[in-house]
Amino acid sequence: MDTQKTRVRTIGTMLLYAILMAGHIGINRFEAAQAMSQSQSLLVWLLIDLAEIMVILLMMKYVFKIRLLIGKGHALQLTTVVWLMPMILSNVVSVLPQHFVFPSKYQLFLVIVEMTAAVVFEELLGRGLIIPIVLQYTRRSTVVVTLSAVTFAGTHLINALFQPLQQVLGQILFTLLLGIILAQVYLLTADILSPIVLHLVWNASIVIPGLFGTGYAFSTGINSLMLIVGFACLFALIHQHDRQITASRIRSFTNGAFYGRQEWGERSYRRKRW
C-alpha cells in the first residue's frame, strides 16, 4: 500500500511539473504574440502565479497528502542572508543603472507583488512538494538537496526558447546554487517561510535595482570580482549547512511531512542504522 501511494505521488508530481512547465511556455508565446506592455505582462503573470499556487496547495493537501511545514527558522534566515550578502551585492552591482529614472508607484507595486507570487510558487514546487516526494525514496541529504535544486533550476530552462543561450546558462548556474541553499535551509528549519524569505531577498537584489534606470554603472571586471567573492562565500555556506543536516534531522523532517504519516519513517526504515 505504501509503495502504491509513493508511486502515485511520484507520477502525479511529474505530471504536475510537466503541465506547469508546458503552461509557462504557452503563456510566454501568447505574451510575445500579443506584444503586451510591461504592466499587462506583470498582471498576466501575477494571475498565473496565484492560480498555480492554489493548484499546488490543493494538490499537496488533498491528492498527495503532503503537509506544508511551517516552523521557526528566523535565526537561520538571518545567518544565511549574511553569508549570501556578497552574492546579493554582486547581483545589485551587476544591474545597478548608469542613468537613474524612478518608476511609477503602480509599476513598482506590480513588480514586487508578482515577484513575491513567483517566489512562493517556485518554493512550493521546488521545496514544499519535491523534497517530501524524494524523501520517500532516500534519506541521503545530498541526493534530496541535489534533486530539489535540479528541479528548481530546470524551471528556468524554458527561458532558452526566448532568451540567448549564454544568458540562460548563467541563470541555470545561479539557480542551481541557490536551489542547493534553499533546500538545505528547508530541511534544517522545517519552515517553508525560510526559503521563501531568502529567495525573495535574492530576487529583489536582481530585479529592484534594474527598475530605477537604464544602462550599467559598473564594468564587467568589477562584476566578475564580486561574483568570485560571492561564489566563495556561497560554497562556504553550502559546506556549513551540509554538516548540520544529520540523519535524525532528516528523519524528523520526513515524519512531519505527510498527513497522518508521523509513524511512516520508523515503520519503513526500522532496520536501517543511522
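Refer to the structure printed above.
Everything numeric here is computed off the predicted structure, so don't read it as measured data. (Residues numbered from 1 in each chain as written. Predicted model: local features only at pLDDT ≥ 70, side-chain atom pairs only at ≥ 80, totals over all residues. Heavy atoms only, no water.)

**Quick word on the pattern of salt bridges**
Note on pairing: side chains with opposite charge can pair once their charged atoms come close.
Thought 1: Throughout the structure, instances matching the rule amount to one salt bridge.
Thought 2: The partner of Arg-127 in a salt bridge is Glu-123, and the shortest N-O contact between them spans 2.7 Å. Of this pair, Arg-127 and Glu-123 both sit in helix α4 (residues 105–135), four residues apart, roughly one helical turn. The exposure classification of Arg-127 matches that of Glu-123, with both residues buried. (Salt bridge = Lys/Arg side-chain N within 4 Å of Asp/Glu carboxyl O. Helix = DSSP H or I, 4+ residues; strand = E, 2+ residues; numbered from the N terminus. Buried < 20%, exposed > 50% of the residue type's maximum accessible area, 1.4 Å probe, protein only.)

**Quick word on unusual backbone geometry**
When glycine is set aside, most residues are seen to have a negative phi, and most peptide bonds are trans.
Thought 1: Within the chain, Lys-65 stands out as a residue other than glycine whose phi angle is a positive 60°.
Thought 2: In this structure, Lys-65 sits in the loop between α2 (38–63) and α3 (74–95).
Thought 3: Although it is not a glycine, Ala-190 adopts a positive phi angle of roughly 50°.

**Concerning the environment of Met-21**
Thought 1: Note that Met-21 resides in helix α1 (residues 2–34).
Thought 2: Spatially, the C-alpha atom of Met-21 lies 9.3 Å from that of Gly-154, the residues being 133 residues apart in sequence.
Thought 3: Ignoring sequence-local partners within four residues, the contact set of Met-21 consists of Thr-155 and Ile-158. (Contact = heavy atoms within 4.5 Å.)

**A closer look at helix α7 (residues 193–210)**
Thought 1: Taking 1.5 Å per residue, 18 residues should reach 26 Å; α7 reaches 26 Å between its end C-alpha atoms and fits that length.
Thought 2: Within α7, the axis deviates most sharply at Ala-204, by approximately 35°. (Expected span 1.5 Å × (residues − 1). Bend = angle between axes of the 7 residues up to and from the residue.)

**A word on the packing of aromatic side chains**
Thought 1: This model, assessed by the stated rule, comprises three aromatic pairs.
Thought 2: Judged by centre distance (5.6 Å) and plane angle (45°), the ring pair of Phe-174 and Phe-231 falls under tilted. Here the residue Phe-174 occupies a position in helix α6 (residues 165–189), and Phe-231 occupies one in helix α8 (residues 220–244), the gap between them amounting to 57 residues.
Thought 3: For Phe-231, a relative accessible area of 17% puts it in the buried group.
Thought 4: Measuring from centroid to centroid gives 5.1 Å for Tyr-186 and Phe-253, while their planes differ by 85°, and the two rings are edge-to-face. Placement of the pair is Tyr-186 in helix α6 and Phe-253 in helix α9 (residues 247–256), with a sequence separation of 67 residues.
Thought 5: We classify Tyr-186 as buried; its relative accessible area is 0%.
Thought 6: A connected cluster of aromatic rings, assembled from ring pairs, spans Phe-174, Trp-202 and Phe-231.
Thought 7: The ring of Phe-152 carries the charged tip of Arg-127 above its face, separated from the ring centre by 4.6 Å. (Phe/Tyr/Trp six-rings, centres within 6.5 Å; stacked < 30°, edge-to-face > 60°. Lys NZ or Arg CZ within 6 Å of the ring centre and 35° of its normal.)

**Let's talk about the nonpolar core**
Note that soluble globular proteins tend to have their nonpolar side chains buried in a common cluster.
Thought 1: Formed by 51 residues in total, the largest nonpolar core has its most connected members in Ile-56, Leu-129, Ile-131, Leu-187 and Phe-253.
Thought 2: The greatest single-element share of this core, amounting to eleven residues, is contributed by α4.
Thought 3: Setting aside chain neighbours within four positions, we find Leu-129 in contact with Thr-13, Leu-16, Met-60, Phe-64, Ile-66 and Leu-124. (Core = buried A, V, L, I, M, F, W, Y, C linked by side-chain atoms within 4.5 Å.)

**Considering the environment of Asn-159**
Thought 1: You can see Asn-159 is positioned in the loop between α5 (141–154) and α6.
Thought 2: The buried category is assigned to Asn-159, whose relative accessible area is 17%.
Thought 3: Once the C-alpha coordinates of Asn-159 and His-24 are considered, the two residues, 135 residues apart in sequence, prove to be 9.6 Å apart.
Thought 4: Setting aside its immediate chain neighbours within four residues, Asn-159 contacts Val-168 and Gln-171.

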